[in-house]
Amino acid sequence: MFRQTQAQNTRDPPLTMTTDRSSYGVLLLLVSMLMLLCLNQVLNLNLFHAINGLSPGVPQWLQLAITDLGHGSTLGTIVLICLLRRPELMPQVLTASLLSMILVPLLKQYFDAPRPAATLDFLYIVGETRLHHSFPSGHSTSAFLFAGTLLMVMQDKKSKWALLMGASMVALSRILVGAHWPVDVLAGALLGLSCAYIASYIPLVRMSPKRWGVMAGVLLITLLACQYKETSQQMAWQIIGLRWGLLLLASILVIRQYLQARQPLAPRKLARA
């Protein structure tokens, strides 16, 4: 007599992620307190001048590259690359992104706060000059939304600190290039972390390789179309290289995953009863 025992499918590892919110509340509280402190106009202004005053000492291309990591299409490509490894996070990422896409424009329109360039006689500006809709910072929201989503499912402390440092650099770069006040980036950080926290209650979902391949392909095509539309001759070549380099990497990974999904499954093992 023989019985069939199914071989483990190496392309379909078990869900091992657990959501850890134990220290997340402390982070939310800390960012909230910093934002409340920066509601003081004197402190907000002094912090802006202190950070923005460092701009001449940092190469402009580096400032633009760091701040561009919070841009929608650039960060979207990074998110897609991460999701290719952990597609079960897709529902949480989509939920958090949808919340931020609704709340950020509403808050910007409601407050219609002037940007530094609209009120200050002297400041350093790198890149495009904008005057309106300062509060909150959309780049900071996106960066901390992404970081917050991964913070609650990652176990390695060094990786968590690296995520926080990366998101903080994006937020600080918005002040460095003269686009936002400190209170704007702190509000964006709080909003992004809050969206990620709410979305963390969406359960992790395993998708079949075929369904995930279709979704990844649609996301990649959307990002490629957005980037093609946004690319212009006025953009720094470093930013163009960064964005298209990330898209090239994402394309290679999507194609590789598609090819792996088409490979036949391992045969079933036969074991004696």
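Everything numeric in this text was worked out from a predicted model, so none of it was measured.

A. Highlighting unusual backbone geometry. The omega torsion of the bond from F135 to P136 falls at -5°, within 30 degrees of zero and hence cis. Position of P136 among the secondary structure elements: in the loop between α6 (116-119) and α7 (138-151). Backbone geometry at D112 places phi at a positive 45°, although glycine is not the residue there. With respect to the helices, strands and loops of the structure, D112 is situated in the loop between α5 (90-111) and α6.

B. Broad picture of the packing of aromatic side chains. In the structure shown here, the tally under the stated rule is 6 aromatic pairs. Aromatic side chains F122 and Y124 sit 5.3 Å apart centroid to centroid with 75° between the ring planes, which places their arrangement in the edge-to-face category. One aromatic cluster is present, formed by Y24, Y197 and Y201 through successive ring pairs.

C. Structural detail: a nonpolar patch on the surface. On the surface, a nonpolar cluster with roughly 400 Å² of combined accessible area is contributed by L30, L34, L37, L43 and L47. Mapped by element, the contributors of at least two residues to the nonpolar patch are α1 (24-37) and α2 (41-52). The leading source of residues in the nonpolar patch is α1, at 3 residues. Along the polypeptide, L37 turns up in helix α1.

D. Representation of the nonpolar core within the structure. In terms of nonpolar packing, the biggest core is built from 54 residues, with Y24, L80, L83, F144, L193 and W212 touching the most fellow members. No other element matches helix α9 (residues 182-199), which puts 8 residues into this core. Counting 6 residues, the second-largest nonpolar core is a separate cluster that includes L145, L191, C195 and A199.

E. Layout of the packing of α1 against α9. Packing of α1 against α9 leaves a shortest axis separation of 9 Å and a crossing angle of 155°. Here α9 runs roughly antiparallel to α1, going by the angle between their axes. In terms of crossing hand, the pair formed by α1 and α9 is left-handed. Contacts between α1 and α9 involve Y24, L27, L28, V31, S32, L34 and M35 from the first element and V183, L186, A187, A189, L190, L193, S194, A196 and Y197 from the second. Considered class by class, the residues forming the contact of α1 with α9 number 14 nonpolar, 2 polar and no charged.

About the thresholds
Residues numbered from 1 in each chain as written. Predicted model: local features only at pLDDT ≥ 70, side-chain atom pairs only at ≥ 80, totals over all residues. Heavy atoms only, no water. Helix = DSSP H or I, 4+ residues; strand = E, 2+ residues; numbered from the N terminus. Phe/Tyr/Trp six-rings, centres within 6.5 Å; stacked < 30°, edge-to-face > 60°. Patch = residues over 30% accessible without salt bridge, like charges linked within 9 Å, V, L, I, M, F, W, Y side chains within 5 Å. Areas by Shrake-Rupley, 256 points an atom, 1.4 Å probe, with all protein chains shown as cover. Salt bridge = Lys/Arg side-chain N within 4 Å of Asp/Glu carboxyl O. Core = buried A, V, L, I, M, F, W, Y, C linked by side-chain atoms within 4.5 Å. Buried < 20%, exposed > 50% of the residue type's maximum accessible area, 1.4 Å probe, protein only. Axes fitted to C-alpha atoms, helices over the stretch in contact; angles between N-to-C directions. Parallel < 35°, antiparallel > 145°, perpendicular 65-115°, else oblique. Left-handed = near helix turned anticlockwise from the far one by under 90°. Contact = heavy atoms within 4.5 Å. Nonpolar A, V, L, I, M, F, W, Y, C, P; charged D, E, K, R; others polar.

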